[in-house]
Amino acid sequence: MVTLPRSARLAAWGTAWLRNEASVDDVVDRVRADDEPHDAVDVPGAATATGLSEALRALRGAGATAFLVALPAPGDPTGLGGPADLNGYAVDAGEAVIADGAPYALVPDVRTFGPPGDQGHMVTWMVRSAQPAPLGPSLADADKELTTALLAAGSTLTDLDVPSWRPEVEALLTDIRTNRESDPLPRAFPQQAQAVAARAARLLAVVRFALGDDGGAVTVSSAASRRDALTPLERASRSALAAACNALATR
């Protein structure tokens, strides 16, 4: 089962909470999952670290009317409006939550502990000053771009033989091929957002496995060709996932 990035869960469930479609406990539970309890630092009005629920209430008090996820990458600060220090933190983390209506963002600092196979995570949300998030593609446009990128990379995905060296990917590929449904977002989200989020998250996981391990490539040249073919799909998957998780905030 694919787990959405923490910031995607926080944006989706946080927005549902602001619209009275979820409780703050729902938000915290969904975002935390099996992590250690999350805390937050530099929260407006707080002199010390607080819990995530207190941080959310503080941002609501500061004027937040929705939360938007950004899923940037090096050289691609998509979803971020600045300032530069926020962009740097967010790109390093690969994710951030931008408060709509309040000049703040949250960026997760994730620390892994424990031996391989029995690891846990400690997460601290850093509250940073933020400028408004730029307008991203609509859900429909992001879905079309994802479909186009998937078609363009189709033969590359078919030829990868990823399951032979990443067995955990086989179930994801099966889910993608059969359009298996899931509901990764709160029920208040439209069905199209649910479907796009599920597909984009699975594709993003598969592509990142493939880009992060050249075990299935025979030569350096084939590895480079695979990267060239899959990088646009990785970018389109991030964009579509963000558009789906932001759908409730932009309706």
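See above for the structure.
Being a predicted model, the structure only gives us computed values, none of them experimental. (Residues numbered from 1 in each chain as written. Predicted model: local features only at pLDDT ≥ 70, side-chain atom pairs only at ≥ 80, totals over all residues. Heavy atoms only, no water.)

(A) Structural view of the overall build of the protein. Across its full length, the protein carries ten helices and six strands. Relative to its full complement of 251 residues, the protein shows a buried share of 45%. Partitioning the intrachain contacts of the protein with sequence separation of at least 6 by distance along the chain shows that 66% fall at a separation of at least 24. Surface accessibility of the protein: about 12300 Å² in total, with carbon and sulfur atoms responsible for 50%. (Helix = DSSP H or I, 4+ residues; strand = E, 2+ residues; numbered from the N terminus. Buried < 20%, exposed > 50% of the residue type's maximum accessible area, 1.4 Å probe, protein only. Contact = heavy atoms within 4.5 Å. Areas by Shrake-Rupley, 256 points an atom, 1.4 Å probe, with all protein chains shown as cover.)

(B) Representation of the layout of surface pockets within the structure. In this model, the second largest pocket occupies a volume close to 530 Å³. What lines the second largest pocket is a set of 26 residues, among which P134, G136, P137, N246 and T250 lie closest to the centre. Elements with a minimum of two residues in the lining of the second largest pocket: β3 (66-70), α9 (220-245) and α10 (247-250). Per-element accounting of the lining of the second largest pocket gives the leading share, four residues, to α9. Here the lining of the second largest pocket is composed, by residue class, of 15 nonpolar, eight polar and three charged. Looking at the lining of the second largest pocket, you find at least three residues from each of domain 1 (6-129) and domain 2 (139-246). (1 Å grid on protein atoms, 1.4 Å probe; cavity = no way out; pocket = protein on both sides within 12 Å on 5 of 7 lines; lining within 4 Å. Points joined across faces, edges and corners; volume = space filled by probe spheres on them. Nonpolar A, V, L, I, M, F, W, Y, C, P; charged D, E, K, R; others polar. Domains from an automatic or database assignment.)

(C) Examining the environment of D35 more closely. With respect to the secondary-structure elements, D35 resides in the loop between α2 (24-32) and β1 (39-41). Overall, the relative accessible area of 3% leaves D35 in the buried class. Along the backbone, D35 and V123 are 88 residues apart, and their C-alpha atoms lie at a distance of 7.4 Å. What D35 contacts, discounting residues up to four positions off in sequence, is R6, H121 and V123. Among the polar contacts listed, one links the side chain of D35 to the side chain of R6, at a separation of 2.8 Å. Side chain to side chain, D35 and H38 meet in a polar contact 2.8 Å long. (Polar contact = N/O pair within 3.5 Å; in protein donor to acceptor, adjacent residues only side chain to side chain.)

(D) Fine view of the pattern of salt bridges. Taken as a whole, this structure holds seven salt bridges when the rule is applied. Of the charged contacts, one joins D143 and R199 as a salt bridge, the two residues approaching to 2.5 Å between their closest N and O atoms. With D143 in helix α5 (residues 139-152) and R199 in helix α8 (residues 191-212), this residue pair connects regions lying 56 residues apart in the sequence. Residue E234 is joined to R238 by a salt bridge in which the shortest nitrogen-to-oxygen separation is 3.0 Å. Note that E234 and R238 are positioned in helix α9 at a spacing of four residues, about one turn of the helix. The pair formed by E234 and R238 is uniform in burial state, with each residue classed as buried. (Salt bridge = Lys/Arg side-chain N within 4 Å of Asp/Glu carboxyl O.)

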